[in-house]
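The residues making up each chain are set out below.
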Amino acid sequence: MLVSQRKKTFERKALVNKFTIALAIIFLLSFLASFFYLPLIRIFQYGFSSETGNLAIILREIITDKVNLYSLAFTFGQALASTFICLIIGLPAGYFLAKYEFKGKKLLINLLTIPFVLPPIVVLSGFLVTYGNSGWINVIWKSLTNSSSPLISIFGTIEGVILAHVFYNISVIIRITIPAWQNIDYDQVEVSRTLGANKRRIFRKIIRPQIMNHVIAASLLVFVYTFNSFAIVLKLANPYYQTIEVLIYKSIRVSPDFTEASFLAIIQLILNSIIIIIYILFDRKSRQSAEGKESNLKTTIFQFSKQKWNIIIRNLGVIFFLILVGLFTFLPILAVIIRSFIPDKVGNSAFYGYQEFFSNKEISVLNANPLTLLGNTLWIAAISTVVTLLLSLIIVFILRSRYQSIKRYKTSKAESLISYLIILPMATSSITLATGVYLQFRNTSLFDNAVWIFVIISHVIISVPFATRSILAAYNRIDVELLNVASTLGASRTRIFRKIELPMIYKGIIVGGLFSFAISLGEFGATYFLAREDFKTLSIGIYDSISTQTMQIPLAMASLLIFVTILCFYAIHRLGEIELKV
Amino acid sequence: MFPSQAGVQASEINAESNSLVIYTYETLLNDPGYDFVSAYASYSGISEEEINVVYMEDANAILSKAILEKDNPSADVLIGLDNVMIHNAKAEEILESYNSPSLENISSTLISNLDSEKYLLPYDYGIIALWYDLNRINSTTNPEIQYLELEDILTYDLDKKLIVEDPTLSSPGLGFLLWTIAIYGDPQIDFEGVLGEDWRDWWKEAKEDLRIASSWSDAFSIYYTHQENRPIMVSYGTSPAYDVCHPDYGVGEGNPPPSAAVVSHENPTALPYIRQNAWLQIEGIGLVSGAPHSAEAKKFIDWFLNKELQDNIPLNNWMYPANIEAEIPSCFAANSIDPSLFLNESLNFVLNDILTPNLIKNNLDDWLNDWEAELVSFSPFVIVFLSLITTTVVFVSMKKRK
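What you see is a predicted model, and the numbers here were worked out from it, not measured in a lab.

Calculation criteria
- Residues numbered from 1 in each chain as written.
- Chains lettered and ligands numbered in written order.
- Predicted model: local features only at pLDDT ≥ 70, side-chain atom pairs only at ≥ 80, totals over all residues.
- Heavy atoms only, no water.
- Helix = DSSP H or I, 4+ residues; strand = E, 2+ residues; numbered from the N terminus.
- Rg over C-alpha atoms; globule rule 2.2 N^0.38 Å.
- Buried < 20%, exposed > 50% of the residue type's maximum accessible area, 1.4 Å probe, protein only.
- Contact = heavy atoms within 4.5 Å.
- Areas by Shrake-Rupley, 256 points an atom, 1.4 Å probe, with all protein chains shown as cover.
- Patch = residues over 30% accessible without salt bridge, like charges linked within 9 Å, V, L, I, M, F, W, Y side chains within 5 Å.
- Salt bridge = Lys/Arg side-chain N within 4 Å of Asp/Glu carboxyl O.
- Disulfide = S-S within 2.5 Å.
- Pairing = 2+ DSSP bridges.
- Axes fitted to C-alpha atoms, helices over the stretch in contact; angles between N-to-C directions.
- Parallel < 35°, antiparallel > 145°, perpendicular 65-115°, else oblique.
- Left-handed = near helix turned anticlockwise from the far one by under 90°.
- Nonpolar A, V, L, I, M, F, W, Y, C, P; charged D, E, K, R; others polar.
- 1 Å grid on protein atoms, 1.4 Å probe; cavity = no way out; pocket = protein on both sides within 12 Å on 5 of 7 lines; lining within 4 Å.
- Points joined across faces, edges and corners; volume = space filled by probe spheres on them.
- pLDDT = per-residue confidence, 0-100.
- Core = buried A, V, L, I, M, F, W, Y, C linked by side-chain atoms within 4.5 Å.
- Domains from an automatic or database assignment.
- Buried area = accessible area lost by both parts, 1.4 Å probe.
- Polar contact = N/O pair within 3.5 Å; in protein donor to acceptor, adjacent residues only side chain to side chain.
- Expected span 1.5 Å × (residues − 1).
- Phe/Tyr/Trp six-rings, centres within 6.5 Å; stacked < 30°, edge-to-face > 60°.
- Lys, Arg positive; Asp, Glu negative; His and termini not counted.
- Charge placed at Lys NZ, Arg CZ, Asp CG, Glu CD.

Observations concerning the overall build of chain B
For step 1, the next point in the chain: Regarding its fold elements, chain B presents 17 helices and 12 strands.
For step 2, the next point in the chain: In terms of overall dimensions, chain B is globule-like: its C-alpha atoms have a radius of gyration of 23 Å, near the 21 Å expected for 402 residues.
For step 3, the next point in the chain: Structurally, chain B occupies a C-alpha span of about 75 × 75 × 45 Å along its principal axes.
For step 4, the next point in the chain: In chain B, buried positions account for 58% of the 402 residues.
For step 5, the next point in the chain: Counting contacts in chain B only where the partners sit at least 6 residues apart, residues at least 24 apart contribute 73% of the total.
For step 6, the next point in the chain: Carbon and sulfur atoms make up 51% of the accessible area of chain B, which amounts to about 16,600 Å² in all.

Observations regarding a nonpolar patch on the surface
For step 1, the next point in the chain: A cluster of nonpolar side chains, Phe-84, Ile-85 and Ile-88 of chain A, forms an exposed patch at the surface whose accessible area comes to about 290 Å².
For step 2, the next point in the chain: For Ile-88 of chain A, the location among the structural elements is in helix H3 (residues 66-99).

Overview of the state of the cysteines
Residue and element names in this part refer to chain B.
For step 1, the next point in the chain: The final tally for this structure, using the stated rule, is one disulfide over all chains.
For step 2, the next point in the chain: The partner cysteine of Cys-245 in its disulfide is Cys-331, sulfur to sulfur 2.1 Å. Here Cys-245 and Cys-331 share a disulfide; its torsion about the S-S bond, -95°, makes the bridge left-handed. Residue Cys-245 is found in helix H10 (residues 239-245), and its partner Cys-331 is found in helix H14 (residues 330-334); the two are separated by 86 residues along the sequence.

Details of the pairing of strand S6 (residues 162-165) of chain B
Residue and element names in this part refer to chain B.
For step 1, the next point in the chain: Both faces of S6 are covered, namely the face carrying Leu-162 and Val-164 and the face carrying Ile-163 and Glu-165.
For step 2, the next point in the chain: Pairing analysis gives two bridges linking S6 to strand S8 (residues 232-236), with the strands arranged parallel. Looking at S8, one finds that Leu-162 is bridged to Ile-232.
For step 3, the next point in the chain: As judged from the three bridges shared by S6 and strand S7 (residues 211-213), these two strands associate in the parallel manner. For Ile-163, the partnering residue across the bridge sits in S7 and is Arg-211.

A short note on helix H14 (residues 352-359) of chain A
For step 1, the next point in the chain: Listed as buried for H14 of chain A are Tyr-352, Gly-353, Tyr-354, Glu-356 and Phe-357 of chain A.
For step 2, the next point in the chain: Buried positions along H14 of chain A lie against helix H15 (370-399), helix H25 (538-545) and helix H26 (552-575) of chain A.

Some points on the pattern of salt bridges
Residues and elements named next belong to chain B.
For step 1, the next point in the chain: Per the stated rule, a full pass over the model turns up 18 salt bridges over all chains.
For step 2, the next point in the chain: For Glu-69, the salt bridge identified is with Lys-65, shortest N-O distance 3.7 Å.
For step 3, the next point in the chain: Two residues, Asp-115 and Lys-90, come together in a salt bridge whose shortest N-O distance is 2.7 Å. With Asp-115 in helix H5 (residues 108-115) and Lys-90 in helix H4 (residues 85-91), this pair connects stretches of sequence that are 25 residues apart.
For step 4, the next point in the chain: On the accessibility criterion, Asp-115 (4% relative accessible area) is buried.
For step 5, the next point in the chain: Note on Lys-90: relative accessible area 28%, which makes it partly exposed.
For step 6, the next point in the chain: What you see here is one network of salt bridges that share partners, running through Asp-186, Asp-198, Arg-200 and Asp-370.

Here's the deal with the side chain of Ser-340 of chain A
Residues and elements named next belong to chain A.
For step 1, the next point in the chain: Turning to its location among the elements, Ser-340 is positioned in the loop between helix H13 (309-339) and H14.
For step 2, the next point in the chain: Classification of Ser-340 as buried rests on a relative accessible area of 0%.
For step 3, the next point in the chain: Sequence-distant contacts of Ser-340, that is, excluding residues within four places in its chain, are made with Ala-350, Tyr-354, Gln-552, Leu-555, Ala-556 and Ser-559.

Here's the deal with the packing of helix H7 (residues 158-182) of chain A against helix H9 (residues 199-227) of chain A
Angle between the axes and distance between the axes are the two parameters that describe a pair of packed helices.
Residue and element names in this part refer to chain A.
For step 1, the next point in the chain: Running from N to C, H7 and H9 point in directions that differ by 155°, and their axes come no closer than 9 Å. As judged from the angle between their axes, H7 and H9 are roughly antiparallel. Of the two possible hands of crossing, H7 and H9 adopt the one that is right-handed. Counted together, His-165, Asn-169, Val-172, Ile-173, Ile-176, Thr-177, Ala-180 and Trp-181 of H7 and Ile-207, Ile-211, His-214, Val-215, Ala-218, Ser-219, Leu-221, Val-222, Tyr-225 and Thr-226 of H9 form the full contact between these two elements.
For step 2, the next point in the chain: Counted by class, the contact of H7 with H9 contains 12 nonpolar, six polar and no charged residues.

Re empty space enclosed by the protein
Residues and elements named next belong to chain A.
For step 1, the next point in the chain: Inspection of every chain in the model, using the stated rule, returns six cavities of 30 Å³ or more.
For step 2, the next point in the chain: Approximately 70 Å³ is the volume attributed to the second largest cavity.
For step 3, the next point in the chain: Around the second largest cavity, the lining residues are Leu-28, Phe-31, Leu-32, Leu-391, Ile-395, Ile-422, Pro-425, Val-460, Ile-461, Val-464 and Pro-465.
For step 4, the next point in the chain: Mapped by element, the contributors of at least two residues to the lining of the second largest cavity are helix H1 (2-47), H15 and helix H20 (451-475).
For step 5, the next point in the chain: The dominant element in the lining of the second largest cavity, judged by the number of residues it contributes, is H20, at four residues.

What about the confidence of the model for chain B?
Low-confidence regions, as indicated by low pLDDT, have predicted coordinates that should not be scrutinised in detail.
All names here are of chain B.
For step 1, the next point in the chain: Per-residue pLDDT for chain B averages 86, and the proportion of residues at 70 or more is 91%.
For step 2, the next point in the chain: Overall, residues 1-15 carries pLDDT values under 50, and its contacts beyond four positions in sequence, including any with other chains, amount to 23 contacts.
For step 3, the next point in the chain: Two summary scores accompany this predicted model of the complex, namely pTM at 0.83 and ipTM at 0.76.

Let's talk about the packing of H1 of chain A against H15 of chain A
All names here are of chain A.
For step 1, the next point in the chain: Running from amino to carboxyl end, H1 crosses H15 at an angle of 135°, the nearest separation of the two axes being 10 Å. The angle between the axes of H1 and H15 places the two elements in the oblique class. Along this stretch, H1 crosses H15, giving a crossing that reads as left-handed. Here Ile-21, Ala-24, Ile-25, Phe-27, Leu-28 and Phe-31 of H1 come into contact with H15, specifically with Leu-391, Ile-394, Ile-395, Phe-397 and Ile-398.

Some words on the nonpolar core
For step 1, the next point in the chain: Within the largest apolar cluster, 309 residues are counted, with the highest numbers of intra-cluster contacts made by Phe-36, Phe-300 and Phe-304 of chain B.
For step 2, the next point in the chain: For this core, the leading source of residues is H9 of chain A, giving 15 residues.
For step 3, the next point in the chain: Split by domain, this core shows at least three residues from each of two domains, domain 1 (1-47 + 362-582) and domain 2 (65-339) of chain A.
For step 4, the next point in the chain: If near-sequence neighbours (up to four positions away) are discounted, Phe-36 of chain B is found in contact with Leu-28, Leu-29, Val-53, Tyr-55, Phe-300, Trp-303, Phe-304 and Leu-309 of chain B.
For step 5, the next point in the chain: Counting residues in each nonpolar core, the second largest holds eight residues, with Ile-163, Ala-219, Ile-222 and Met-233 of chain B among its members.

Observations regarding the domain arrangement of chain A
Residues and elements named next belong to chain A.
For step 1, the next point in the chain: Per the domain assignment, the segments of chain A are domain 1 (1-47 + 362-582) and domain 2 (65-339).
For step 2, the next point in the chain: Computed over C-alpha atoms, the centres of domain 1 and domain 2 are 27 Å apart.
For step 3, the next point in the chain: Taken over both partners, the interface formed by domain 1 and domain 2 buries close to 4,300 Å², and the fraction arising from carbon and sulfur atoms is 73%.
For step 4, the next point in the chain: Seen at the junction of domain 1 and domain 2, the total is zero salt bridges.
For step 5, the next point in the chain: In this structure, the connection of domain 1 to domain 2 is made through one residue pair in polar contact (both at pLDDT 80 or more).
For step 6, the next point in the chain: Elements that contribute at least two residues to the side of domain 1 that touches domain 2 include exactly H1, helix H17 (423-427), helix H18 (430-441), helix H24 (525-530), H25 and H26.
For step 7, the next point in the chain: It is H26 that provides the largest number of residues to the side of domain 1 that touches domain 2, a total of 10 residues.
For step 8, the next point in the chain: Of the residues belonging to the side of domain 1 that touches domain 2, the class tally is 28 nonpolar, 14 polar and six charged.

Digging into the side chain of Asn-376 of chain A
For step 1, the next point in the chain: Tracing the sequence through the fold places Asn-376 of chain A in helix H15.
For step 2, the next point in the chain: Ignoring anything within four residues of it in the chain, the contact list for Asn-376 of chain A reads Phe-535 and Lys-536 of chain A.

Observations regarding H20 of chain A
For step 1, the next point in the chain: Over its 25 residues, H20 of chain A extends 35 Å from the first C-alpha to the last, a length consistent with the 36 Å expected when each residue adds 1.5 Å.
For step 2, the next point in the chain: Burial of H20 of chain A is extensive: 21 of the 25 residues sit out of reach of the surface.

A short note on the packing of aromatic side chains
For step 1, the next point in the chain: Applying the stated criterion to the full structure yields 59 aromatic pairs over all chains.
For step 2, the next point in the chain: Ring plane angle 75° and centroid distance 5.9 Å describe the contact between Phe-176 of chain B and Trp-203 of chain B, whose orientation is recorded as edge-to-face. Residue Phe-176 of chain B is located in helix H7 (residues 171-184), and its partner Trp-203 of chain B is located in helix H8 (residues 199-206); the two are separated by 27 residues in the primary sequence. Each member of the pair, Phe-176 of chain B as well as Trp-203 of chain B, is classed as buried.
For step 3, the next point in the chain: For the ring pair Tyr-320 of chain B and Phe-332 of chain B, a centre distance of 5.0 Å and an interplane angle of 55° mean the geometry is tilted. Here Phe-332 of chain B lies in helix H14 and Tyr-320 of chain B lies in strand S11 (residues 320-321), a separation of 12 residues in the sequence.
For step 4, the next point in the chain: Owing to a relative accessible area of 0%, Phe-332 of chain B belongs among the buried residues under this scheme.
For step 5, the next point in the chain: Taken together, Phe-31, Phe-35, Phe-230, Tyr-249, Tyr-438, Phe-441, Phe-447, Phe-454, Phe-524, Tyr-528, Phe-529 and Tyr-543 of chain A form an aromatic cluster joined through their ring pairs.

Focus: a positive patch on the surface
All names here are of chain A.
For step 1, the next point in the chain: Side chains of Arg-12, Lys-13, Arg-495, Arg-498 and Lys-499 sit close together on the surface and give a patch of like positive charge.
For step 2, the next point in the chain: When residues of the positive patch are traced back to their parent elements, those giving at least two are H1 and helix H22 (493-504).
For step 3, the next point in the chain: Considering every element that reaches the positive patch, the biggest residue donor is H22, with three residues.
For step 4, the next point in the chain: Structurally, the position occupied by Lys-499 is in helix H22.
For step 5, the next point in the chain: On the accessibility criterion, Lys-499 (54% relative accessible area) is exposed.

Okay, here's the thing in structure tokens:
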């Protein structure tokens, strides 16, 4: 009798568990469906339908259109070139940073990461201040050579776009390859050296296969970022060169042509999905090969003994190279902060930008008060963070519910379904996402009256994959046996989640939260697309006013964003590892 | 505090308490600023809160928003569409023809040049001109500037000093593109133009040296920054007046003007006098088709074309008022190119006469597309080829290691 009673309670609990999980799945799926998959379907619907004339002819026109073809080629070409140059500079820099030990190395690595975590709009302003026609480099060059032509011309040139992309993404390569260099199995190197292999052979046969996965994964990542570049290309290269993102934006917002925009968005989506899938494959491989390995690279310190002058020269070369890379990546950020204190007009104080900002006078180019922008940015980021965390927790909860099933370690159907469903948002560029949301909701009164809801939704969809990954990383460290014990002792699924898992993934949640907060703070593409004039955040304020006569105000805003973002990432750094965003 | 603020902001639009919704561009009458909302409120007795003005980035944004909403419009009045956008606006049927009683004081040539069917009614106008800084460019440094022809821009390397706006994004930029088309002509559609050549050739030669800004204010900030070394920009014939008559930024009437404006002086038929050729921009106000508050909107349009408002156009919107009774301040008149000289005098030539509305309607999309394609200066095949090689290399190296 006792047994049957136990059995009954067990069955009842199993039912409750199933019910909660089903509830979570339904909630998640309905969110994803209404705010991501339906908009996506809407894009396809628009892409393959036309009110005017024959669809086949129209699609052929879009594909053969000269401007579209050029842009497609440009998008590919600049992404390839940017990735390649990032590799050329980033690989040796990563090696030197792994190999050499010196004071302030950690600081240098952290400084090198900063451009990457900053909002694109801030990076863009730093880039303008440093390399623009009236930027520092060109002004110094002009005064040195007495010539009137600038050294670097970044407007309307391919070089300008590539330089900006290299500057923005070089830290991805450096950060990923440092552990790759560190984790090489040097015993094998030693063995082959004693067996008489020369340096080239060792590199080809032993070192290259071990770092290749990391290098490819990092390159794919850089490729994706540069392929989806929007703000930088819109400001620097338009109308000479355009990425597909810029084309999509312009064909919806400037000359409403939904068929063309949707069709381009579909092309963008397909290409992105291919790259992301390849990336995930390589990333998994490189994670597997890095797992459980200790760093066994023998680090060297810089030695300057009098006898070996060739070593001295080599060391000086390395130091010089690292200083150059450091200057290249850090100067523009520093320039934003310094430039925000330099008055444009005689008589303005050094704090003019900040005074104007905090005095909250309306800025005429923006038609908005600066503090409203700051407020909008902060509360949008706060709400996005909360929603993102909620969704990510639900995803983690569903993914990890398998421990309750009797056949313990088999991947459940729900898990595989969900893990596929959240890959697609990763492969969707912010402009494609915004296009879908716009096409789906533009005629609703909610879109007219409260466009910020859709801004938040797009921020959430952009940041959910990162937050989920941070939380999962923490979750994977939980001892599975602990959960099984709890479950044998009769704890329900929700109770286990509340009492064991939640406290143990607490850090991961904070990291994920900070992550989505930082992403939302600086998000530009989707916000600019959806809410151009109705609702402005700091990013849009900077973009709109960066070309006015007083650079001090936009740069003061940019400095504020730098400050908050660095604060977020410093906190993340203290709590755990910085996951690179995809 | 902030969410509630945004709530208020957002619900203002479309709220039923509105009795008038107006779409316009951000800079309408705003420099130094004439508060037309409160002026209309006190004229009409409607409270200011009931008049909802939605400011957009530029006139293009007004047009796209109105087109997107055409089945269920929330705006009553559109201010700022011009004599080029009118074609698109009419094709999309977003406007309703309105024969305002105020039109009796508006010059009839202006009405017929904008839209004789009165879907869009002119409220101000001006000519597109090259505006230059006299401290950096003048008849001493560049004697050709006085009787400039578009060809001189190439011959004397003025394109290295010139800023134009992107015609796909900005209306003065579009005006300048049409200016070049009207001067050089387009052999592809058998349009002679003034010179009977091809406008694409001009752009082909100039594109490397020009600086193309995305908006007028972008262009202005480049013009203003001396290190950029670009003292000429595409702007309006009234721009020099801004530098003299503006209460804050102007040097004041009677002082030597810091800047000047010029149009082009092509003269193929060897007339005995020097002819000026200019493209005219006419900005209009229109009643939205199916406007929620149609009667109120008509009242507003009547008022907008009246002398009370039109008097404020020169020194706040920096254009010539369409109303013939409106006062034009002497400082403004002395320092700008008067567009009515082009409309009413045979000495000067308004390019709109040859580049007719019909031509624009049929070819504008192609022209803009060609213009964009003209700017690209690399071969896509090189890149396609490069991409193919890279992909192959990546795949081969992937396979090898398996």
